[in-house]
Each structure stands twice: as C-alpha cells, then as structure tokens.
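Here is how the chains run, residue by residue.
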Amino acid sequence: MPKVKTNRVKYPEGWELIEPTLRELQAKMRNLTAENESHDGKRKCEALWPIFKIAHQKSRYIFDLYHRRKEISKELFEFCMDQGYADRNLIAKWKKPGYERLCCLRCMQPRDHNFATTCVCRVPKNLREEEVIECVHCGCRGCASGD
C-alpha cells in the first residue's frame, strides 16, 4: 500500500512570532493581485511593481530577523526559505559587499539591460545625470550601496 501524503507542516519554534507579519504581507499581495486585473493607464511593467515591493519586504523582514537582530533560529530561517516566504538568492546577494540594498535580482543581471550593464537604479546618486529615476523592472528609485 502506498503511503498517505498529508499536508501537515511542522512549524519550528518561534514561528508564532513572525507568522502575523508574514500573513499580513501575504494578504496584501493577494489583494494586489486581485486589483491588478485592470492596468488603469499603467505600463505593463508598472502593474507588477507593488508585487515586487511586497516580495522584497518579506525577504528583508526575514533577513533582518536572522542576520541583523538575531531573533530567530537558523532552523526557522531555513524553514522560511524552504516554504517560499523569502527569496533565498536575493538574501544570498544581500550578504555580499556592494549588494546590501539590492532591490531585486533582475537589476543586477546584464542580460536584461541594454549594452550588457546593470540597471540604472544600481548607479550611485552622485553619479546620476537625472535627479529622479525609476527602475523599469521593479520601480526601485535607487539601490546602490553608496547612496
């Protein structure tokens, strides 16, 4: 006889502390996706910017709790990564010097930009020609570490 699969997930210790915030951010994202059906004069890429922002918030929240404030255990941190509450690759970049404020992974990939460079939001503010810029991919206004 085959084993019966259950959907029971064993939550690690400390989950009760971060669950309300993660549920709130998930509810916000769910509301945004429901509202996103009509673009209302926005460009196609602009409709996704709020979703990128909330995904960044969730990842930053878990990253700060584990690496900066040291309030959650490694087991809980890994659980959040495995369950998809945070972006593992983005957090790995945040640990490296020069990428502490990276907004999304698409902004640093040369294949997604003209002339095989990084996104305009990765340029430090003192080197920019324009005062106000927005990233085409995620709407970031500047995630260079030197800002």
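Residues numbered from 1 in each chain as written. Predicted model: local features only at pLDDT ≥ 70, side-chain atom pairs only at ≥ 80, totals over all residues. Heavy atoms only, no water.

### So, the layout of surface pockets
Then step 1. Its boundaries defined by the atoms lining it, the largest pocket holds a volume of some 270 Å³.
Then step 2. What lines the largest pocket is a set of 15 residues, and nearest its centre among them are Lys53, His56, Cys103, Cys138 and Cys140.
Then step 3. The residue makeup of the lining of the largest pocket, split by class, is 8 nonpolar, 3 polar and 4 charged.
Then step 4. Quantified by volume, the second largest pocket comes out at close to 190 Å³. (1 Å grid on protein atoms, 1.4 Å probe; cavity = no way out; pocket = protein on both sides within 12 Å on 5 of 7 lines; lining within 4 Å. Points joined across faces, edges and corners; volume = space filled by probe spheres on them. Nonpolar A, V, L, I, M, F, W, Y, C, P; charged D, E, K, R; others polar.)

### Digging into unusual backbone geometry
If a residue is not glycine, its phi is most likely negative; likewise, a peptide bond is most likely trans.
Then step 1. Despite not being glycine, Lys70 shows a phi value in the positive range, around 55 degrees.
Then step 2. Within the secondary structure, Lys70 sits in the loop between helix H2 (49-68) and helix H3 (74-82).
Then step 3. Classification of Lys70 as exposed rests on a relative accessible area of 61%. (Helix = DSSP H or I, 4+ residues; strand = E, 2+ residues; numbered from the N terminus. Buried < 20%, exposed > 50% of the residue type's maximum accessible area, 1.4 Å probe, protein only.)

### Considerations on the environment of Trp94
Then step 1. In this fold, Trp94 is placed in helix H4 (residues 88-94).
Then step 2. Expressed as a C-alpha distance, the spacing of Trp94 and Lys74, which sit 20 residues apart in the sequence, is 17 Å.
Then step 3. With residues up to four places along the chain from it excluded, the contact list for Trp94 reads His56, Ser59, Arg60, Phe63, Tyr99, Glu100, Arg101 and Leu102. (Contact = heavy atoms within 4.5 Å.)

### Some words on the confidence of the model for the protein
Then step 1. On average, the protein scores 86 in pLDDT, and the residues at 70 or more come to 92%.
Then step 2. When mean pLDDT is taken per element in the protein, H3 scores highest with 96 and helix H1 (residues 15-35) scores lowest with 90. (pLDDT = per-residue confidence, 0-100.)

### Observations regarding H1
Then step 1. Its 21 residues give H1 an end-to-end C-alpha distance of 30 Å, which sits within 8% of 30 Å, the value for a rise of 1.5 Å per residue.
Then step 2. Those residues of H1 that sit buried are Trp15, Ile18, Leu22, Leu25, Met29 and Leu32. (Expected span 1.5 Å × (residues − 1).)

### A short note on the packing of H2 against H3
Then step 1. Where H2 contacts H3, the two axes come as close as 10 Å, and the packing angle between them is 160 degrees. Taken as axis vectors, H2 and H3 run roughly antiparallel relative to one another. Of the two possible hands of crossing, H2 and H3 adopt the one that is left-handed. Two secondary-structure elements touch here, H2 through Ile62, Tyr66 and His67 and H3 through Lys74, Phe77, Cys80 and Met81. (Axes fitted to C-alpha atoms, helices over the stretch in contact; angles between N-to-C directions. Parallel < 35°, antiparallel > 145°, perpendicular 65-115°, else oblique. Left-handed = near helix turned anticlockwise from the far one by under 90°.)

### Side note on the packing of H1 against H2
Packed helices, taken two at a time, are described by their axes: the angle between them and the distance between them.
Then step 1. Packing of H1 against H2 leaves a shortest axis separation of 9 Å and a crossing angle of 170 degrees. Judged by the inter-axis angle, H1 sits roughly antiparallel to H2. The residues of H2 that touch H1, namely those facing Leu17, Ile18, Thr21, Leu22, Leu25, Gln26, Lys28, Met29, Leu32 and Thr33, are Pro50, Ile51, Ile54, Ala55, Gln57, Lys58, Tyr61, Ile62 and Leu65.
Then step 2. Looking at side-chain class alone, the contact of H1 with H2 contains 13 nonpolar, 4 polar and 2 charged residues.

### Brief notes about the pattern of salt bridges
Then step 1. According to the stated counting rule, one finds 6 salt bridges in the structure shown.
Then step 2. The shortest N-O distance in the salt bridge between Arg88 and Asp82 comes to 2.7 Å.
Then step 3. On the accessibility criterion, Arg88 (38% relative accessible area) is partly exposed.
Then step 4. On the basis of relative accessible area, Asp82 is assigned to the exposed category, the value being 56%.
Then step 5. Its salt-bridge partner being Arg141, residue Glu134 comes within 2.9 Å of it at the nearest N-O pair.
Then step 6. Given the relative accessible area of 34%, Glu134 is considered partly exposed.
Then step 7. Of the residues examined, Arg141 reaches a relative accessible area of 55% and is grouped as exposed.
Then step 8. Several salt bridges share partner residues, and in doing so they unite Glu78, Asp82 and Arg88 into one network. (Salt bridge = Lys/Arg side-chain N within 4 Å of Asp/Glu carboxyl O.)

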